[in-house]
Structure formats: C-alpha cells, structure tokens
Amino acid sequence: MTPLESQQQWRRVRDYLNENRFALTQHAVRSFPDELRVAGTPLLARPAWLPDAPVPLADVRLEWEGDGVPAPITGAEPELGHILPRQSDGTPVPSYAGAVEALARPRLFENRKCYRLLAADAATAAPVLSFGRGQYFDVINICEAIGHEYAAAALAAPEGAVPAASAMPFRAAVGDPTDLAQRPVMAAISTLTIRHDRSTGDAEFVLHWRDPERVATGGGLHQVTPVGMFQPSHDACWNEAHDFGLWQSIVRELSEELLGSSEEYGSDKTPIDYAAWPFNAALEEARSTGRLRVFWMGLGIDSLTYVSDMLTVAVFDADLFDTVFPRLAATNEEGHLVAVEDNTGRAFGIPFRADHVERLTTEEQMQPAGAALLRLAWDHRSALLAHDRGPHPL
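Residues numbered from 1 in each chain as written. Predicted model: local features only at pLDDT ≥ 70, side-chain atom pairs only at ≥ 80, totals over all residues. Heavy atoms only, no water.

The name given to the protein chain in an unreviewed UniProt entry is XRE family transcriptional regulator, and the organism recorded there is Streptomyces javensis.

Asker: What exactly am I supposed to notice about the sheet that holds strand β4 (residues 113-121) here?
Answerer: Each strand in a sheet pairs with its neighbour through backbone hydrogen bonds, running either in the same direction (parallel) or in the opposite one (antiparallel). The three strands lie next to each other as β3-β5-β4, forming an open sheet whose pairing is mixed. This sheet does not close on itself; its edge strands, each paired only once, are β3 (61-64) and β4. Going from strand to strand, the sheet's axes swing by 35 degrees on average, the running direction of each strand aside. Bridge analysis of β4 against strand β5 (residues 128-135) gives eight bridges, and the strand direction is antiparallel. The partner of Ala119 across the bridge, within β5, is Ser130. (Pairing = 2+ DSSP bridges. Helix = DSSP H or I, 4+ residues; strand = E, 2+ residues; numbered from the N terminus. Axes fitted to C-alpha atoms, helices over the stretch in contact; angles between N-to-C directions.)

Asker: I tried to follow the side chain of Ser233 on my own but got confused; where do I start?
Answerer: Structurally, Ser233 can be placed in the loop between β10 (227-229) and α6 (239-242). At 2.9 Å, the side chain of Ser233 and the side chain of Ser267 are in polar contact. Ser233 has contacts with Arg112, Asn239, Asp243, Arg252, Tyr265, Ser267 and Ile272, leaving out every residue within four places of it along the chain. (Polar contact = N/O pair within 3.5 Å; in protein donor to acceptor, adjacent residues only side chain to side chain. Contact = heavy atoms within 4.5 Å.)

Asker: What's the story with helix α10 (residues 354-362) in this structure? I'm lost.
Answerer: The α-helix winds at 3.6 residues per turn, so residues separated by three or four positions along the chain end up facing the same way. The complete set of buried residues in α10 reads His356, Val357, Leu360 and Thr361. For α10, the angular spread of the buried residues around the axis is 115 degrees, confining them to a single face. (Buried < 20%, exposed > 50% of the residue type's maximum accessible area, 1.4 Å probe, protein only. Arc of directions from axis to C-beta.)

Asker: Would you mind going over empty space enclosed by the protein with me for this structure?
Answerer: Once rolled over the atoms, a probe with the size of a water molecule shows which space is left empty. Scanning the model with the defined rule gives one cavity of 30 Å³ or more in all. Forming the boundary of the largest cavity are Ile189, Thr191, Pro226, Val227, Gly228, Ser249, Ile250 and Glu253. Mapped by element, the contributors of at least two residues to the lining of the largest cavity are β6 (187-196), β10 and α7 (246-258). In terms of residue count, the dominant contributor to the lining of the largest cavity is α7 (three residues). Its residues assigned to classes, the lining of the largest cavity comprises four nonpolar, three polar and one charged. (1 Å grid on protein atoms, 1.4 Å probe; cavity = no way out; pocket = protein on both sides within 12 Å on 5 of 7 lines; lining within 4 Å. Points joined across faces, edges and corners; volume = space filled by probe spheres on them. Nonpolar A, V, L, I, M, F, W, Y, C, P; charged D, E, K, R; others polar.)

The structure is reproduced here in structure tokens:
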C-alpha cells in the first residue's frame, strides 16, 4: 500500500468511526460482563466508582499526586502501527494525534494540560479521587486510536460478526479499560443540567449534539451539557493548583457551553478570580441557599473508546436558571443544543420524564456517559429534586 493509499484508507476508517460510533459502541459493549455496565448502558464502571445515592459535590475530596506513576501504555506502542497512515517517506505517522492533525483536524484540537486520574474510591458518601499531570492528546493517542482500531476490525469482519481479536492488538495491549494504572486516563466532567420548577414539580434538562467537524471525540452523538475535560483553564503554571477543583471546571463549562462565553479567562497572565467573577458568585450564593444543588453520581468508561467521564448533576431552581441563563446559546464551539417546542413555538429543554429518558437512552444515538447519567438521575430523581431548600454545603 502506497503512502497515499494508506492515508485514504485511514480517512475511510475515521469517517466510518465518526458515522457509526453509536452502533460500534453497542457492539463493543458485548465483550464486557453485564455487571460492569452502568444502568444497562454501554458505560463501564467498577463497583467502587458508583455511589448508592447522589453525593453533594462538596463531599468529593480530590488528592494531588503530582507526576504520579508512569503508565506502561502511552499511545506510542508498536501495536498501533497497523492503523497509522504512512508519511511520504513510507514511515508511519508517529502518533494517532499526528494522523488526526494531518488528515482530519477538527476545529478544536490543542494538546492542553489535563489532570490525570490515578485512583478512585468513589462509591462512598465521601468519594476520594487522586490526580496527577497529563496531556489531552493522551485521549487522542489512546482512546481515539482504540476506537479507530475497533472500527477497522469491524469493517474487515463479516457483517454483524464480532471483530477478530487478532485485528486489535492495541486494544489487547491496553487490557482492562477500568484499570487506571494501566494507561494515562484523562477524565471529562459530564454534567446533566436540570431546570426544576418547584411550584409545579416540572423539570427539564439541556441536551447537546456534538459536531464531528468541531470535536475530536464523541462526534455525531447526543450528550448532556456541559461537558469538558478536567483541566486547568490555561497551561500557565499558576493555574494547575488554582483550578484544581470539580466546581471550578463545571462553572467554566456552564458559562462556555450555555452562555456561549469565551474560553479565554486571562489566566495566561493571572489566575482567575473566581470570587470576583459575577457568574460564579451568583452560582456560589445559590449553592449556599439551596437554589442550586450539584451532585456527584460516579465515574465510568466508554466501552468503545475507553474515554473516561466523571458524572455530575446540577439542579437549578427555575427562577435562578432563567436569571443566570436568560438566553441559552443555541450553538457553541462543540455543536448545538437540542430542544423541543411547546405549543407557543418556544424552544426549551427536554422534559425530564420517563418517556424522554427511555427514548434517549435506547433509541437515540447518545454517548454512553450521557445515557448512563440520565438513567442514574432518573433512578435518583426523588433525591435530586427534593423540595428541601435548606443550605447546601459548598
């Protein structure tokens, strides 16, 4: 195969992956025991990753381990050679991220610093998560490469057949996807945002569609919103410790994805002053009075790509939601919001009802983390939508 032919073949497989992520995920999850599946979805989790009930976000403790323990799988293994395209001199592109950069670069593609997840004891009332240093391209070089390899094997297999294990040496090298010590794991935070009207009991949630032309992972699928990698706001050294908190990440993503705000916070020059940021100050005050309640729901791994997501829920009182989000941004850097219309023609969120949860998690093409989060939230709706309006610990 010539270098040009190998590049064309790589693009065909990459397009197939993006166009068939949902079907490939449904197929890939069959390789794992049912007991690893979160709420019957294609998201995988160890028992120690899922609490029995929603945990207030403030009760989740983060520990910093610095550089941590080197992982044996880095995304530069010889097992990747069969899926990497060839350069003009006939040698393979050095990494999967390099292939994406050269042949299918999405709008958002930057190798930013991330907090690498090292360990998780997350099923208790006081979860503990340990982190070290990592890079976003670890997600591309490992997770997207694993997905690409699976897509290539599926294309080569007879229709409907399980891809041959021999065609997926990199997947075999990675091994157990829930083993956090086996590879660098960069976790996203997926947040189900709910608007709750206490007077009527009605609730609705915000749904997002991820544009494969704009994002490097999860393209072509529906997802809860906001979602973002757990990472500092900028690579400047002072942000590593300053931004090391789940809420700091969530509030930035709420601003960016729902308000359409810029991702530039000036933190390349000075740390973000969260206390002086009016948007954050309003939400912090609402958390202290119980008008905004934020919960930890667990941690899971995508069965196709091995992408990791931390699962959270933010429940806004309706009047607070309407005040801080007077107009939702219909589109953002990663895709667009999905809405239904009421009988006045007004577009709004998806009703948080059993029929919509069932449809989205069984019929629609949705990311595993979003599907699992919706089902978990529905199972725990009484706790999430409780009418207790007392102070919520920060």
